[in-house]
Amino acid sequence: MVSYRLNSTKTIPFRLNADNYETDPELELIRKEQGYSYMDIISIHRDTLANYEEKLRMFFEEHLHMDDEIRYILDGQAYFDVRDKDERWIRIAMAKGDLITLPAGIYHRFTLDRTNYTKAMRLFVGEPVWKAYNRPADDFDIRQKYVASLQEPGA
């Protein structure tokens, strides 16, 4: 069951109306509750993103971050792949209106679908940190904390 497996990763999905993202009270509430004070928008397409091929290869390399990764798809489609607690990949199809929070310390990767285009809002608590740590990164405290959270009751 994909939904159970996704829940077991501590990944948090939302479904919003991307047509009014600039004035959406639901998005504002999520930003306020989670403390997402920084936001920018990235358009991922060969005509809009410098070093497009290199960036796609970098995004697809399995990695983790020290902070949560929050992405809101405003247009187009893409995929996040995350590992469940048994190290199996779960592919998360992202389309317009999907917002996802990947917890700090989770191994993941990102890629586009066959349309090779997505426009996404990137959200952060405070100033953005763009540093990714490619696998293996198991010795980082944040990775160990994430793995320990998977062992908690209900995980």
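The structure presented is a predicted model; accordingly, all values stated were derived computationally and were not measured.

S.K.: Is there a simple way to explain the pattern of salt bridges in this structure?
M.R.: Working definition: two side chains of opposite charge can pair if their charged atoms are close together. All told, the structure shown has 16 salt bridges when counted by the stated rule. Between Arg135 and Glu62 there is a salt bridge; the shortest N-O distance is 2.9 Å. Note that Arg135 is positioned in the loop between strand 9 (133–134) and helix 4 (141–150) and Glu62 in the loop between helix 3 (52–60) and strand 3 (63–64), a separation of 73 residues in sequence. Note on Arg135: relative accessible area 29%, which makes it partly exposed. Relative accessible area serves as the criterion here: at 13%, Glu62 is assigned to the buried category. A salt bridge links Glu87 to Arg83; the shortest N-O distance between them is 3.8 Å. Residue class for Arg83 comes out buried when judged on its relative accessible area of 16%. One network of salt bridges, in which partners are shared, links Glu62, Arg83, Glu87, Arg135, Asp138 and Arg143.

Conventions we followed
Residues numbered from 1 in each chain as written. Predicted model: local features only at pLDDT ≥ 70, side-chain atom pairs only at ≥ 80, totals over all residues. Heavy atoms only, no water. Salt bridge = Lys/Arg side-chain N within 4 Å of Asp/Glu carboxyl O. Helix = DSSP H or I, 4+ residues; strand = E, 2+ residues; numbered from the N terminus. Buried < 20%, exposed > 50% of the residue type's maximum accessible area, 1.4 Å probe, protein only.

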